[in-house]
Amino acid sequence: MMDAVTLVSANPAWWLLAISLMVAGVAGAILPVLPGTLLVLAGVFVGAWIDGFTRVSGWTVGFIAVLALLAWATDYLAALLGAKKAGASPAAVAGAAIGTLLGIFTGFVGLLFMPLLGAMAGEYWHQARRNGGFVHAGEHVLASRQAARVGVATWLGQLIGTVVKVVLIFLMIGVFAVAYWV
């Protein structure tokens, strides 16, 4: 009688599922509606499970899970760290976070630019509150410049974070492939 591992590995539908999850995860590294890191990790787990974790061990899957945590953290913290680096106020950091959340619902362009707008709005609001409103036109100009600087830093942080996340996702797939075939 064939054991369960042989039956699972003989069924190509499981490999189709594993590969589909990984491909969807790569797309999710860019598209805001798909949890890319989680999908790749699920594909890796299914791929390792297919042969009973004999080619890809549980330790390897654990290492890939650590890479997934790093990718996930990078995705969410990069814009916030970029804002902090520019000397952003807590309102600007909150604005960047709110912009990121709103960007998820507005598609790729929204996810790309909403943190920028959120950080700019939060910083501008903070400057207005700190000064008790703008009495002179020069105060408005200074607040606008600070808001723009914070917004751009947030945006660059998010772009860098996305690049790092994509690299980590491909590293996850590469570790899986090497463990499976070597």
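Residues numbered from 1 in each chain as written. Predicted model: local features only at pLDDT ≥ 70, side-chain atom pairs only at ≥ 80, totals over all residues. Heavy atoms only, no water.

What to know about the packing of aromatic side chains
Consideration 1: For the structure on display, the rule yields five aromatic pairs.
Consideration 2: Plain terms: the ring middles of Tyr 180 and Trp 181 are 5.6 Å apart, the flat faces sit at 90° to each other, and that makes the pair edge-to-face.
Consideration 3: In this structure Trp 181 comes out as exposed when scored by relative accessible area, which is 67%.
Consideration 4: Feature note: the residues Trp 15, Phe 176, Tyr 180 and Trp 181 constitute an aromatic cluster, connected by ring pairs. (Phe/Tyr/Trp six-rings, centres within 6.5 Å; stacked < 30°, edge-to-face > 60°. Buried < 20%, exposed > 50% of the residue type's maximum accessible area, 1.4 Å probe, protein only.)

Here we look at the pattern of salt bridges
Pairing between side chains of opposite charge can happen when the charged atoms of each approach one another.
Consideration 1: Applying the stated rule across the entire model yields one salt bridge.
Consideration 2: Residue Arg 55 is joined to Asp 51 by a salt bridge in which the shortest nitrogen-to-oxygen separation is 3.9 Å.
Consideration 3: Looking at Asp 51, the relative accessible area reads 9%, which means it is buried. (Salt bridge = Lys/Arg side-chain N within 4 Å of Asp/Glu carboxyl O.)

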